[in-house]
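Read off the chains here:
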Amino acid sequence: MSRHDTHKPASQGVDWDHPDLKALLSKTEAWSLDNRNPRPPEEVQLHVGWAASTGRPATLVWEHEQAWVLETRFSLEPGEPVRVDRYRGGLRSAWGTVLDGRPGQRADDAEHGLHVYWLHMK
């Protein structure tokens, strides 16, 4: 073997039936991560479609750079373009696209008809 030879380790599969792995996975079955952190929610107006003139109320619950998470009381489709209007010492608008969404999974979400949507902001 020369120093130029590359060694590739043998591929080993996962034994999904191993008791230790099954026990670990069973502990995580009830986990539900939805990117809603304890930050103060911010009421915003959501305009669906590039030509939308009327906004609908929504709540911004998480943001990091170009990724935002909104709660709504209405449904959206992945791929829909949106404009989010925020009021911070004046009107500020941001544009993005709905990446994914689903009905809320927290205890009171169904009671309030909440949906959670992930947006990619431009």
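Residues numbered from 1 in each chain as written. Predicted model: local features only at pLDDT ≥ 70, side-chain atom pairs only at ≥ 80, totals over all residues. Heavy atoms only, no water.

Draft legend 1. Local environment of the packing of aromatic side chains. Counted by the stated rule, this structure contains 0 aromatic pairs. One cation-aromatic arrangement involves R56 over F74; the distance from NZ or CZ to the ring centre is 3.9 Å. (Phe/Tyr/Trp six-rings, centres within 6.5 Å; stacked < 30°, edge-to-face > 60°. Lys NZ or Arg CZ within 6 Å of the ring centre and 35° of its normal.)

Draft legend 2. Region of the structure containing the pairing of strand β3 (residues 67-72). Burial runs high along β3: 5 of the 6 residues are buried. Examined bridge by bridge, strand β2 (residues 56-64) and β3 share 5 bridges and lie antiparallel to one another. Across the sheet, L60 pairs through a bridge with L70, a residue of β3. Counting the residues in the hairpin turn of β2 and β3 gives 2 residues, including E65, whose phi is positive at 50°. Sheet topology note: the β3/strand β6 (residues 115-121) ladder contains 6 bridges and is antiparallel. Note that in β6 the partner of V69 across the bridge is W118. (Buried < 20%, exposed > 50% of the residue type's maximum accessible area, 1.4 Å probe, protein only. Helix = DSSP H or I, 4+ residues; strand = E, 2+ residues; numbered from the N terminus. Pairing = 2+ DSSP bridges.)

Draft legend 3. Seen up close, unusual backbone geometry. For E65, which is not a glycine, the phi torsion comes out positive at approximately 50°. Here E65 is to be found in the loop between β2 and β3.

Draft legend 4. Representation of the environment of H64 within the structure. Relative to the assigned elements, H64 resides in strand β2. Looking at H64, the relative accessible area reads 48%, which means it is partly exposed. When the C-alpha positions of H64 and M121 are compared, they lie 9.8 Å apart, and in sequence the two are 57 residues distant.

Draft legend 5. Molecular detail of the sheet that holds strand β1 (residues 42-48). Strand order in the closed barrel formed by 6 strands is β1-β2-β3-β6-β5-β4, with antiparallel pairing between adjacent strands. This sheet shows a mean twist of 45° between the axes of neighbouring strands, independent of strand direction. Alignment of strand β5 (residues 91-103) against β6, held across 7 bridges, turns out to be antiparallel. Paired with R102 across the bridge in β6 is V116. (Axes fitted to C-alpha atoms, helices over the stretch in contact; angles between N-to-C directions.)

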